[in-house]
Amino acid sequence: MDEKKPKTELLDELEKGPWPSFVTEIKKATETGPMASDLLGQLELSYHEKRGHWKHGGIVGVLGYGGGVIGRYSDVPEQFPHVAHFHTMRINHPSGWFYTSEALRTLCDIWERHGSGLTNMHGSTGDIVFLGTRTEELEPVFKELTEAGFDLGGSGSAMRTPSCCVGEARCEWACYDTMKLCNDLTQAYQDELHRPSFPYKFKIKCAGCPNDCVAAEARADLSVIGIWKDDIQQDDEAVARYAAEGLDIQKDVCENCPTRCMSWNGTLKINNRECVRCMHCINVMPKALRRGKEKGAALLIGSKAPIVQGALLSSVLVPFVPQEELYDTIKELVSRVWDFWDEYGKNRERVGELIQRVGMANFLDAIGLDPAPEMVSAPRDNPYIYFQKKSENE
């Protein structure tokens with residue numbers, strides 16, 4: 001096999017569709033170093049044999065950090081020596097993923113000097129992902145990254161790198177400053193981020209509004225979802241223009257409202273007491289409806305992807321926190337949650353799974369929160385309630 005251009009009959013099939021192909025991008029990287037070429041060769045071998053050829057050969061990292069580097073070794077190093085080590089590094093991203101072109105060039109230059117040059121912008125947690133380097137290059141990469149103002153992200157049973165949407169920087173719907181909150185939390189939890197000490201991973205994601213452009217409600221142990229407390233702002237003249245222009249307000253707006261809190265009879269009426277802030281109506285008629293003026297966020301807990309157990313969506317924990325109180329409230333709440341989780345969580349058990357196991361009532365009691373109606377995810381299956389009579393001795 002030619003070292004620079006391995007035969008990739010199976011991988012070549014992945015370049016034939018209408019979509020961009022990772023195979024094409026790896027082939028481009030072969031021009032800057034031999035690691036990408038051996039990576040293609042090993043991947044082609046895996047496709048032929050229908051088995052992976054990566055192994056976890058031990059813990060690797062940088063001095064003083066317990067996370068941020070994911071060790072990866074080839075189990076066929078004699079065939080592909082340039083990927084005998086192929087460690088991944090997670091790099092903490094700027095809030096909202098705002099970069100200057102100079103910063104991006106700096107990152108790419110560092111990685112081409114010390115690694116494969118392959119990147120993933122961004123991983124599911126939000127980090128910049130550097131794919132593939134040798135053990136002896138980890139410290140030099142880390143040194144250059146920190147000199148350029150970057151740091152490693154989280155990995156392992158630790159606080160993972162917080163992430164957020166662009167929020168008030170570009171979005172008119174944002175109900176709080178997501179980027180400031182994300183940055184403040186990142187700075188506050190440096191020890192928890194870099195030195196794993198939890199039963200399992202813990203993620204915080206900040207979404208500026210219920211549209212949730214970072215999918216916090218499905219992927220974060222603590223989801224901070226921007227909402228408003230008062231009534232939706234309504235412009236009746238703009239509503240009438242939407243109707244005149246052909247929008248079927250009854251079908252496309254009212255009937256798609258999850259709580260049926262809206263009605264249309266030539267005039268749009270909203271029962272704001274029943275509104276759950278889903279924002280569907282606002283998304284359909286943005287010139288006529290706007291979120292309320294009393295802004296803040298709801299704090300949700302417990303979502304995760306299906307790894308140990310099945311997937312979970314978040315549950316409401318605090319229905320509303322004013323935007324100016326968010327940071328202090330989250331700090332206090334997280335400390336209570338972590339204390340209980342550290343004490344009673346099993347190995348590799350996410351917070352949501354712990355709540356499933358002990359019950360939401362016991363969890364709320366343990367962290368000192370009172371139940372609220374917003375925490376109810378669905379009505380009772382059984383509408384009947386039975387009371388036991390006390391015995392004569394009680």
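Residues numbered from 1 in each chain as written. Predicted model: local features only at pLDDT ≥ 70, side-chain atom pairs only at ≥ 80, totals over all residues. Heavy atoms only, no water.

Student: How should the overall build of the chain be read in this particular structure?
Tutor: Broken down by element type, the chain carries 14 helices and 15 strands. Viewed in the frame of its principal axes, the chain has a C-alpha envelope of about 75 × 70 × 45 Å. For the chain, the proportion of its 394 residues judged to be buried stands at 43%. Counting only carbon and sulfur atoms, one obtains 49% of the accessible surface of the chain, whose full area is about 21,300 Å². (Helix = DSSP H or I, 4+ residues; strand = E, 2+ residues; numbered from the N terminus. Buried < 20%, exposed > 50% of the residue type's maximum accessible area, 1.4 Å probe, protein only. Areas by Shrake-Rupley, 256 points an atom, 1.4 Å probe, with all protein chains shown as cover.)

Student: In this structure, what is going on with a nonpolar patch on the surface? I would like to understand it.
Tutor: A grouping of Leu10, Leu14, Phe22 and Tyr47 is seen on the molecular surface, where their side chains present a nonpolar patch of about 330 Å² in accessible area. Secondary-structure assignment places Leu10 in helix α1 (residues 9–12). Take Leu10: its relative accessible area is 32%, and that puts it in the partly exposed class. (Patch = residues over 30% accessible without salt bridge, like charges linked within 9 Å, V, L, I, M, F, W, Y side chains within 5 Å. Salt bridge = Lys/Arg side-chain N within 4 Å of Asp/Glu carboxyl O.)

Student: Sorry, what's going on with the sheet that holds strand β14 (residues 295–301) here?
Tutor: What links the strands of a sheet is backbone hydrogen bonding, and the strands pair in either a parallel or an antiparallel sense. In spatial order, the strands read β7-β8-β9-β14-β15; together these five strands make up an open sheet with mixed pairing. At either end of the open sheet lies a strand with only one pairing partner, and these are β7 (163–164) and β15 (315–322). Sheet strands in contact with helix α12 (residues 326–344) are β9 (222–228), β14 and β15, and its direction is about 10 degrees off that of β14. (Pairing = 2+ DSSP bridges. Contact = heavy atoms within 4.5 Å. Axes fitted to C-alpha atoms, helices over the stretch in contact; angles between N-to-C directions.)

Student: What is the right way to look at empty space enclosed by the protein in this model?
Tutor: Vacant regions in the atomic arrangement are exposed by a probe of water-molecule size rolled over the atoms. Counted under the stated rule, the structure contains one cavity of 30 Å³ or more. Taken as a whole, the largest cavity holds about 90 Å³ of empty space. What lines the largest cavity is a set of 15 residues, among which Cys257, Cys261, Cys275, Cys278 and Cys281 lie closest to the centre. Considering each element in turn, the lining of the largest cavity owes the most residues, three residues, to helix α11 (residues 280–284). Its residues assigned to classes, the lining of the largest cavity comprises twelve nonpolar, two polar and one charged. (1 Å grid on protein atoms, 1.4 Å probe; cavity = no way out; pocket = protein on both sides within 12 Å on 5 of 7 lines; lining within 4 Å. Points joined across faces, edges and corners; volume = space filled by probe spheres on them. Nonpolar A, V, L, I, M, F, W, Y, C, P; charged D, E, K, R; others polar.)

Student: What is the right way to read the packing of α12 against helix α13 (residues 351–358) from this model?
Tutor: Working note: a packed helix pair is described by the angle between its axes plus the distance between those axes. Relative to each other, α12 and α13 sit at 70 degrees, their axes nearing to 11 Å. It follows from the interaxial angle that α12 and α13 lie roughly perpendicular. For the pair formed by α12 and α13, the contact residues are Val337, Phe340, Trp341 and Tyr344 on the first element and Val351, Leu354, Arg357 and Val358 on the second. Its residues assigned to classes, the contact of α12 with α13 comprises seven nonpolar, no polar and one charged. (Parallel < 35°, antiparallel > 145°, perpendicular 65-115°, else oblique.)

Student: Mind showing me how you'd approach the sheet that holds strand β5 (residues 115–121) here?
Tutor: Taking strand neighbours across the sheet as the criterion, the four strands line up as β2-β4-β6-β5 in an open arrangement whose pairing is antiparallel. Of all strands in the sheet, those with a lone pairing partner are β2 (69–70) and β5, marking the two edges. Inspection of the sheet shows β5 paired to strand β6 (residues 128–133) by five bridges, in the antiparallel sense. Within β6, the position partnered with Gly115 by the bridge is Thr133. Those strands touched by helix α4 (residues 101–114) are β4 (88–91), β5 and β6, and its axis lies near 140 degrees from that of β5.

Student: Can you walk me through the layout of surface pockets in this structure?
Tutor: As a volume, the largest pocket reaches approximately 1,100 Å³. If you trace the largest pocket, you find 28 residues lining it, with Cys275, Val276, Arg277, Val316 and Glu374 closest to the centre. Residue assignment for the lining of the largest pocket shows that the elements contributing at least two residues are β9, β14 and β15. Counting residues per element, the lining of the largest pocket draws most heavily on β15, at four residues. For the lining of the largest pocket, a count of residues per class yields 17 nonpolar, five polar and six charged.

Student: Just checking my understanding: could you explain the nonpolar core for this structure?
Tutor: For soluble globular proteins, the rule of thumb is that nonpolar side chains tend to be buried together. Within the largest apolar cluster, 37 residues are counted, with the highest numbers of intra-cluster contacts made by Phe202, Cys206, Val224, Leu326 and Ile330. Listing elements by their share of this core, those giving two or more residues are α6 (178–188), β8 (204–207), β9, β14, β15, α12, α13 and α14 (360–367). Tallying contributions element by element places α12 first for this core, with eight residues. Excluding its chain neighbours within four sequence positions, the residues that come into contact with Val224 are Tyr176, Leu181, Ile204, Lys205, Cys206, Ala207, Ala297, Ala298, Leu299, Leu326 and Ile330. (Core = buried A, V, L, I, M, F, W, Y, C linked by side-chain atoms within 4.5 Å.)

Student: Hey, could you run me through the environment of Lys16 in this one?
Tutor: Along the chain, Lys16 falls in the loop between α1 and α2 (22–29). Each C-alpha atom, one on Lys16 and one on Tyr47, is 17 Å from the other, the two residues being 31 residues apart in sequence. Within polar-contact distance, the side chain of Lys16 engages the side chain of Glu13 at 2.7 Å. (Polar contact = N/O pair within 3.5 Å; in protein donor to acceptor, adjacent residues only side chain to side chain.)

Student: Where do I start with the packing of aromatic side chains in this structure?
Tutor: Each aromatic ring pair is summarised here by two numbers: the centre-to-centre distance and the angle between the ring planes. Overall, the coordinates contain ten aromatic pairs when judged by the stated rule. Consider the rings of Phe202 and Trp341, whose centres lie 5.8 Å apart with planes at 45 degrees: the pair is tilted. Remark: Trp341 occurs in helix α12 and Phe202 occurs in the loop between α7 (190–194) and β8; sequence separation between them is 139 residues. On the accessibility criterion, Phe202 (1% relative accessible area) is buried. For the pair Phe340 and Tyr344, a centre-to-centre distance of 4.9 Å together with 45 degrees between the ring planes defines the contact as tilted. (Phe/Tyr/Trp six-rings, centres within 6.5 Å; stacked < 30°, edge-to-face > 60°.)

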